[in-house]
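Structural characterization, general
The lines below spell out each chain.
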Amino acid sequence: MTESPVIHVVDDDAPFRSAIGRLLRLSGYDVVLHDSAADLLKTPTEHRPNCILLDVQMPGLNGLEVQQQLSISKSTSPIIFLSGQGDIPISVRALKAGAEDFLCKPVAKKVLLEAIERALTHYKSSERHRQELEAWQSRVATLTPREREVFDLVVHGQLNKQIAHQLGTSERTIKAHRQKVMQKLNAGSLAHLVSMAEHMRALALPDNDDA
Amino acid sequence: MSVCTRIFLCLTMCVGAPIATYAQRLPGSALILETDTVDRPWFSALPSSFRAVAEVANRQIAVNVRIPTGESASGIPARTESLSKPIFDGRELQQWKVSENRLPPNNEVRVQEHALWEEHPALMITILFVLLAQAAVIAAFAFEHRRRRLAEKQAQRSMSELANIDTSIATNSISASIAHELNQPLGAILSNVEAAEALIQTQNPDMNLLKEILVDIHEADQRAGEIIKRLRGLLRQGDLNATIADLDEAIRDVMHILEADAARRHIVLQFERECSKLMVCANTVQIRQILINLLFNAMEAIDAASNARASSTAARVVGIAIRVPSRSIAEILVSDTGSGIPDDKLDVIFKSFFTTKPQGTGLGLSIVRSIVESLHGAIWAENRTTGGAVFHFTLPLAQSSNVI
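This section reports on the structure supplied with the text. (Residues numbered from 1 in each chain as written. Chains lettered and ligands numbered in written order. Predicted model: local features only at pLDDT ≥ 70, side-chain atom pairs only at ≥ 80, totals over all residues. Heavy atoms only, no water.)

**Regarding the overall build of chain B**
From N to C terminus, chain B includes 11 helices and nine strands. Buried residues in chain B amount to 36% of all 404 residues. Residue pairs in contact within chain B that sit at least 24 positions apart in sequence constitute 67% of those at least 6 positions apart. (Helix = DSSP H or I, 4+ residues; strand = E, 2+ residues; numbered from the N terminus. Buried < 20%, exposed > 50% of the residue type's maximum accessible area, 1.4 Å probe, protein only. Contact = heavy atoms within 4.5 Å.)

Here you go:
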């Protein structure tokens, strides 16, 4: 990801929005200004590093509701909240719901830029994970159903002859399947295979439980 | 009786007693004497000493009369009254201001006009004591009564003072508003300043951009000043002496005061009215006081209800409506979408110190009721069929002819 990052600034207060926009541009970021949450949600997601600066108190959809919407639509953009009221309950809720940070207005440049950098770093690393996961999942998809069964049982620590017994074939067949699996999944050893499987499961779980 | 006899009697009286005594010792001798001398009118003209002697002689003579009639002399008790006993008239003593202890011993003072209190000292003292006790009790009651009246007046004054200065809800709400609203222009100013700092460090700073930044800073500053002015205006007590106020304006003021609080709680404040200007017989400050309390309670009720319920999709609306049920009364309704009030508590919520909140003072609704009643209005609460409670209060309209 060598594209330059873009910051989405969402705030219904025009002077504040334009001031932040100026500051961020002069600090080297690309900025897109939105006057409401609806406007943000209309924007298509890009694949460049980005983060969202979100005002908590806006007419219509407020910041927390936007956060909910974004997570429903599986957005990966980290969210930094900006609030005129340093309300503890709201900030806790926002952070629990996965916000990157919760800042109070007026916000100093140093604080803002540090938060943005952290958000972008998180974005990059989670993008990396996501891409690995995708690659892995696409490779797993190339396994035949039989190979898939073998794979599942192998990563669970079953011996070849146990697998053979369970699936009702000979050990030799199992060995052949296993070979194929290792090849297709590009795994160097059983340990590698297992760790990748674990990784995939760990990464896959949040997706499954997302609501 | 002849004059001679009289003279003789007088002389006899002067030396009567010794003679009488002497006569007593001479049994058989008879002395016929008058015994009713004391009753004669000329008797009281005699000086008292003579009178005393006459009395003694009289008694002696009376005794001696009995002897010849047959009584034995020894059977008759002898009264030895010495004539040498000095006898005085009390009135003379008083007139000449001679005190009794200057009199010779063994004296007798007759016709002493004693003062009542001298004669019955114990009784007099008791009566005096009783009167004093009565006076003390009456004084105590009067004092007690006065103190009670003063205390009642003081309590009434305190209540109305409390109603006037109990602006804590408004103040808190306005403080939150000020904080929130001011942070916007302050944030804009800070970010603009930092942007300008970054700008002038570049090679060829864009002067137009710099000018824009400065203009924006200026505007933000002015906005901040206006926010403070507007919100302080809401906090000001206003003219406490005015007796007529615009109900519509008062309601909108209160909604403004509470709007930041409502926004924070995600509660919508809805105001419906039939006409735009309605003058009532009340002071703006009083109407605001009533409404702030009722609206704040409504918002708290909604929050409490949604904390109890799990779902967050229920409506969170506080409604304010004005009705004009008759030509002389305006009725204001404040409704909420909370969980309502238990039917048996619809009355008791207005009592002092009744509260369901752990931190509540319980004074809000009782203050509101005392304000409403002092304005000759009425206040009551009921539950809505659609859920939640609604508080009604009435105020007299200013154009009505029956101003109480």
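**A closer look at the overall build of chain A**
Regarding its fold elements, chain A presents nine helices and five strands. Element order for chain A, N to C, with α for helix and β for strand: β-α-β-α-β-α-β-α-β-α-α-α-α-α. Buried positions account for 42% of the 211 residues belonging to chain A. Sequence-distant contacts in chain A: of pairs separated by 6 or more residues, those separated by 24 or more amount to 63%. Put simply, chain A shows about 11100 Å² of open surface, and 54% of that area lies on carbon and sulfur atoms. (Areas by Shrake-Rupley, 256 points an atom, 1.4 Å probe, with all protein chains shown as cover.)

**Considerations on the nonpolar core**
Among the nonpolar cores identified, the biggest contains 55 residues, and L247, I287, V318 and F393 of chain B are the most heavily contacted of them. Of the residues forming this core, the biggest block, 10 residues, is contributed by helix 10 (residues 284-308) of chain B. Setting aside chain neighbours within four positions, we find F393 of chain B in contact with I290, L291, L294, A330, E331, I332, V372, A378 and I379 of chain B. If you look at the next biggest cluster of nonpolar residues, it comprises 30 residues, including L23, L112 and L120 of chain A together with A220 of chain B. (Core = buried A, V, L, I, M, F, W, Y, C linked by side-chain atoms within 4.5 Å.)

**Quick notes on the interface of chain A and chain B**
Each partner contributes to the interface: chain A provides 20 residues, whereas chain B provides 24 residues. Here chain A meets chain B over a buried area of about 2000 Å², counting both sides, of which 54% is carbon and sulfur. Among the residues of chain A in contact with chain B, R22, L26 and Q85 of chain A are the three that bury the most area, contributing 30% of the side total. Our count for the contact surface shared by chain A and chain B stands at seven residue pairs in polar contact (both at pLDDT 80 or more). (Buried area = accessible area lost by both parts, 1.4 Å probe. Polar contact = N/O pair within 3.5 Å; in protein donor to acceptor, adjacent residues only side chain to side chain.)

**A look at the side chain of S83 of chain A**
Residues and elements named next belong to chain A. Its place among the elements puts S83 in strand 4 (residues 79-83). Residue S83 is classed as buried on the basis of its relative accessible area, which comes to 2%. Not counting the four nearest positions on each side in its chain, S83 is found in contact with D55, V56, F102, L103, C104 and K105.

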